[in-house]
Amino acid sequence: MNSWYKKLLSDQGEKFVWLSAMGLTVGIIMITSLIVLVLVRGLTVFWPKDITYFEFTADYDNWQRGDILAGIVADRETDVHHSIQSDAAADTELKLYIANRIYNNSQFIWVPENAVRMISKPDNIFSVHTLDMGELFVKPLKLVYNNGTEVLSNSPGFQKQLSQSLRENNALREEISRIERGALSRINKELLDIQLELRRLELDQDFSEAEIERIRSELSERLILANQQNERIQQQILELRESLNRIRFEFEVQHDRQDSISLGDIVQIYNPNRMNPVQKLGVFIVSLWDFLSEFPRAANMEGGIFPTIVGTFVMTVLMSILVTPVGVMAAVYLHEYARNNLFFRLIRTSVSNLAGVPSIVFGVFGLSFFVYFLGGGIDNIFFQDKAALNIPTFGTGGILWASFTLALMTTPVVIVATEEALSSVPSGIKEASAACGASKWQTIRKILLPAARPGILTGLILATARGAGEVAPLMFVGVIKLAPSLPIDGEFPFVHLDRKFMHMGFHIFDLAFQSPDSEAALPMAFATTLLLLLLVILMNFVAILFRNRLRHAYDQDTF
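None of these values were measured; they are calculated from a predicted model.

### With respect to the packing of helix 9 (residues 359–382) against helix 11 (residues 399–423)
Piece 1. At a closest axis distance of 9 Å, the pairing of helix 9 and helix 11 adopts a crossing angle of 135°. Taken together, helix 9 and helix 11 sit at an angle that is classed as oblique. In the crossing of helix 9 with helix 11, the sense of the turn from one axis to the other is right-handed. Listed contacts from helix 11 to Ser-359, Phe-362, Gly-363, Phe-365, Gly-366, Phe-370, Val-371, Leu-374, Gly-375 and Ile-378 of helix 9 are Trp-401, Phe-404, Thr-405, Leu-408 and Met-409.
Piece 2. Tallied by class, the residues present in the contact of helix 9 with helix 11 amount to 10 nonpolar, five polar and no charged.

### A word on the pairing of strand 11 (residues 266–270)
Piece 1. Of all the five residues making up strand 11, five are buried; the element is thus mostly covered by neighbouring parts of the structure.
Piece 2. Inspection of the sheet shows strand 6 (residues 126–130) paired to strand 11 by four bridges, in the antiparallel sense. Residue pairing in the sheet places His-129 in a bridge with Gln-268 of strand 11.

### So, the pattern of salt bridges
Piece 1. This structure, assessed with the given rule, holds 16 salt bridges.
Piece 2. A salt bridge links Lys-121 to Asp-50; the shortest N-O distance between them is 3.8 Å. Of this pair, Lys-121 sits in the loop between strand 5 (116–120) and strand 6 while Asp-50 is found in the loop between helix 2 (14–43) and strand 1 (52–56), placing the two residues 71 residues apart along the sequence.
Piece 3. Asp-50 sits in the partly exposed class, given a relative accessible area of 26%.
Piece 4. Note that Glu-175 is salt-bridged to Arg-178, the shortest N-O span being 2.5 Å. Remark: Arg-178 and Glu-175 occur in helix 3 (residues 158–181); sequence separation between them is three residues, near one turn of the helix.

### As for the pairing of strand 1
Piece 1. Across the five residues that make up strand 1, a large majority, five, are buried.
Piece 2. Across the two faces of strand 1 the burial is the same, with Thr-52, Phe-54 and Phe-56 and Tyr-53 and Glu-55 all buried.
Piece 3. Across four bridges, strand 1 lies against strand 2 (residues 68–78) in antiparallel orientation. Bridge assignment links Glu-55 to a residue of strand 2, and that residue is Ile-68.

### Some remarks on the layout of surface pockets
Piece 1. Its boundaries defined by the atoms lining it, the second largest pocket holds a volume of some 1,100 Å³.
Piece 2. Lining the second largest pocket we find 42 residues, and of these Val-45, Lys-49, Tyr-97, Glu-135 and Pro-523 sit closest to its centre.
Piece 3. Those elements that provide at least two residues to the lining of the second largest pocket are strand 2, strand 3 (92–97), strand 6, strand 7 (135–145), strand 11, helix 6 (277–293), strand 13 (302–303) and helix 16 (518–558).
Piece 4. The element best represented in the lining of the second largest pocket is helix 16, accounting for six residues.
Piece 5. Its residues assigned to classes, the lining of the second largest pocket shows 22 nonpolar, nine polar and 11 charged.

### Some points on the packing of aromatic side chains
Piece 1. Inspection of every chain in the model, using the stated rule, returns 17 aromatic pairs.
Piece 2. Geometrically, the ring pair formed by Phe-365 and Phe-369 is stacked, given 5.4 Å between the ring centres and 15° between the ring planes. Of the two residues, Phe-365 and Phe-369 both sit in helix 9, four residues apart, roughly one turn of that helix.
Piece 3. Assessed through its relative accessible area of 31%, Phe-369 is described here as partly exposed.
Piece 4. Through pairs of rings, three or more aromatic residues link up here, namely Phe-365, Phe-369, Phe-370, Phe-373, Phe-394, Trp-401 and Phe-404.
Piece 5. When the ring centre of Phe-108 is taken as origin, the NZ or CZ atom of Lys-95, which lies over that ring, is 4.6 Å away.
Piece 6. Across the ring face of Tyr-337, the terminal group of Lys-440 is positioned such that the distance to the ring centre comes to 4.9 Å.

### As for the sheet that holds strand 2
Piece 1. Spatial ordering of the open sheet is given by 4-3-2-1-5, a layout of five strands whose pairing is antiparallel. A single partner strand is all that each edge strand has here, and the edge strands are strand 4 (108–112) and strand 5. Across the sheet, the axes of successive neighbouring strands diverge by a mean angle of 50°, strand direction being ignored.

### A short note on the packing of helix 7 (residues 306–337) against helix 13 (residues 440–469)
Piece 1. Across the interface, helix 7 lies against helix 13 with an axial gap of 9 Å and an inter-helix angle of 140°. By the angle class used here, helix 7 and helix 13 are oblique. Considering how the two elements wind past one another, helix 7 and helix 13 form a crossing that is right-handed. When helix 7 is examined against helix 13, the residues Thr-312, Met-315, Thr-316, Met-319, Ser-320, Val-323, Thr-324, Val-328, Val-332, Glu-336 and Tyr-337 are found in contact with a partner set consisting of Lys-440, Trp-441, Ile-444, Leu-448, Leu-449, Ile-456, Leu-460, Ala-463, Thr-464, Gly-467 and Ala-468.
Piece 2. In terms of residue class, the contact of helix 7 with helix 13 is made up of 14 nonpolar, six polar and two charged.

### Looking at the side chain of Asn-100
Piece 1. Among the secondary structure elements, Asn-100 is positioned in the loop between strand 3 and strand 4.
Piece 2. Given the relative accessible area of 2%, Asn-100 is considered buried.
Piece 3. Look past the residues within four positions of Asn-100 in its chain and what remains in contact with it is Glu-135, Leu-136, Phe-137, Val-253 and Gln-254.

### Digging into the side chain of Asp-379
Piece 1. Counting through the fold element by element, Asp-379 comes out in helix 9.
Piece 2. Given the relative accessible area of 6%, Asp-379 is considered buried.
Piece 3. In terms of polar contacts, Asp-379 uses its side chain to reach the backbone amide nitrogen of Phe-394, at 2.9 Å.
Piece 4. Only 2.8 Å separates the side chain of Asp-379 from the backbone nitrogen of Gly-395, close enough to count as a polar contact.

### A look at a nonpolar patch on the surface
Piece 1. Together, Phe-16, Leu-19, Met-22, Val-26 and Met-30 line one region of the surface with nonpolar side chains, adding up to about 500 Å² of accessible area.
Piece 2. Tracing the backbone through its elements, the reader meets Met-30 in helix 2.

Calculation notes
- Counting restarts for each chain: residues are numbered from 1 in the order of the written sequence.
- This being a predicted model, a pLDDT of at least 70 is required before a residue's local features are given, and a value of 80 or more before pairs of side-chain atoms are given or counted; all residues contribute to the totals for chains, interfaces and linings.
- Heavy atoms throughout the structure, all of them, feed into the side-chain values; hydrogens and water do not.
- Each axis is a line fitted through C-alpha atoms, taken for helices only over the stretch in contact, and angles between the N-to-C directions span 0 to 180 degrees.
- Numbering of helices and strands starts at the N terminus; helices are DSSP runs of H or I of at least 4 residues and strands are runs of E of at least 2.
- The scheme is simple: roughly parallel for angles under 35 degrees, roughly antiparallel for over 145, roughly perpendicular for 65 to 115, oblique for anything else.
- Working rule for handedness: look at the near helix, and if it is turned counterclockwise from the far one by less than a right angle, call the crossing left-handed; if clockwise, right-handed.
- The contact criterion used throughout is that any non-hydrogen atoms of two residues lie within 4.5 Å.
- Three categories are distinguished: nonpolar for Ala, Val, Leu, Ile, Met, Phe, Trp, Tyr, Cys and Pro, charged for Asp, Glu, Lys and Arg, and polar for the others, with Gly belonging to the last.
- Only protein chains enter the accessibility calculation, which uses a 1.4 Å probe. A residue is then buried if its area is under 20% of the maximum for its type, exposed if over 50%, and partly exposed in between.
- By definition, two strands form a pair when at least two bridges between them are found by DSSP.
- Just to be clear on terms, a salt bridge is a Lys or Arg side-chain nitrogen sitting within 4 Å of an Asp or Glu carboxyl oxygen.
- Note on definitions: the grid is 1 Å and covers protein atoms alone; a cavity is a set of points where a 1.4 Å probe fits but cannot get out; a pocket is an open set with protein on both sides within 12 Å along at least five of seven lines; lining residues have an atom within 4 Å of a point.
- Grid points are joined across faces, edges and corners, and a volume is the space filled by probe spheres set on the points.
- Here a Phe, Tyr or Trp ring, Trp counted by its six-membered ring, pairs with any other such ring whose centre lies within 6.5 Å, and the pair is stacked when the planes are under 30 degrees apart, edge-to-face when over 60, and tilted otherwise.
- The rule for a charge over a ring is simple: NZ of Lys or CZ of Arg within 6 Å of the ring centre, and within 35 degrees of the ring normal.
- Two N or O atoms count as a polar contact when they lie within 3.5 Å, although within protein this holds only if one can serve as hydrogen donor and the other as acceptor, and sequence-adjacent residues are included solely when both atoms are side-chain atoms.
- Patch construction takes residues with relative accessible area above 30% that form no salt bridge. Like charges are linked within 9 Å, and nonpolar side chains (Val, Leu, Ile, Met, Phe, Trp, Tyr) are linked within 5 Å.
- For the area figures, the Shrake-Rupley method with a 1.4 Å probe applies, and any residue is considered shielded solely by the protein chains shown.

Structure below.
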């Protein structure tokens, strides 16, 4: 036994070389498989898939023999057994995506493969994407206008009229969104400001009775004008919504059931079975652009994720701005100035231990210290009028406190990486600088920090990658399911650090675990995951390019 063990640990070490190579290979395969899975599942969400008619060959669940169902095969499993009225037991189960969630209990059903058979791929079935009802697989019947005019689906001008009406409706929705996020938002802000000024007037004791009455009268006039403007804007929005509902779309769903919805509730409609690859590519590009540029809808299960992109990017940039100077200064002190005593060793141990603290602990700390203590103190000093109305400004979660919390969490990463970079600088350079008469701070500022910049950027890259994907601490300090406004917009001061925000990591968590139908939300979760990976890779790629340029510049300066 001892001889075998000694032989295994011999100086040659070929076995351990092979084991190391095997471990590296397994790691590469796992990472590659994960990326490929996310890439395929994320991109295929937007590709139009052919819709198939399935006929039930046996009674199963709520379906009867002979029922026709429109759907798409989403998955297949083996070694399952269901009780059906058939002579043969099922050994394969199909997962069918049947859409039409307002008519079915779920958008997916699992059925034994021998209980259904594919009939055809009809050319008269459409995929309809709605605002709030999800995707529908329907057979169009006609368009009905408010004046009673009808356009049948088999008429020559039906497709052209349908496409034109959808373009007009999309323009109307954009106009409504522009008004709601522009003029209506400004009016609501003005109404809030008037209420705050009235409250401030009540608390202020420096005015005489006459001045108070004069100011109150002016504020009342402003309030009346603002309410009148608000009513006009609301009436304009109501008229636009009525224009959206001027046409109804009648259709047929499974079991020969007929129904109709307003054409204004339809976002996109196409017939995948009659489309060639080029046309499907066009739909794919449009759907992908809508996903990147629109706001979420239908409990975040549909629509776009533009607010999550903005929130993730702004928070990550703010976190990087906050963590870099703190981490670098701490590393410089620990490496160049701190004495090797008990206090120094305690600090270094604490820094190392902070890197292993669960992220949710930082979230609790951020809530208690940044939000309640710092934010509440700022509100009590600078925003007393809002605090009197129980309207917190910084005393509640926001993107600023989320950035502070993640900066605190990732500071140990930057400190350790910066110390390693400072240690890698040859001691001869520092000695040469001191021999030339430079002070210690001049040596640090002119020699050490420029030479350590690539290593510092490495630490920042690691911190950015970790911070961008964190979810648990953000749930305490400002992230929400649906943000009414962005942290960056065209309203002064343009960057609103007190606002709550959406985050891609939390969006994925919400889709996967908190959606009304998590199975139906899974494709959107994969698409968001893919985008988050791409965003982190892009930010890291830019930082790596910058780091390599700095390293190359320093190498040239050295010789």
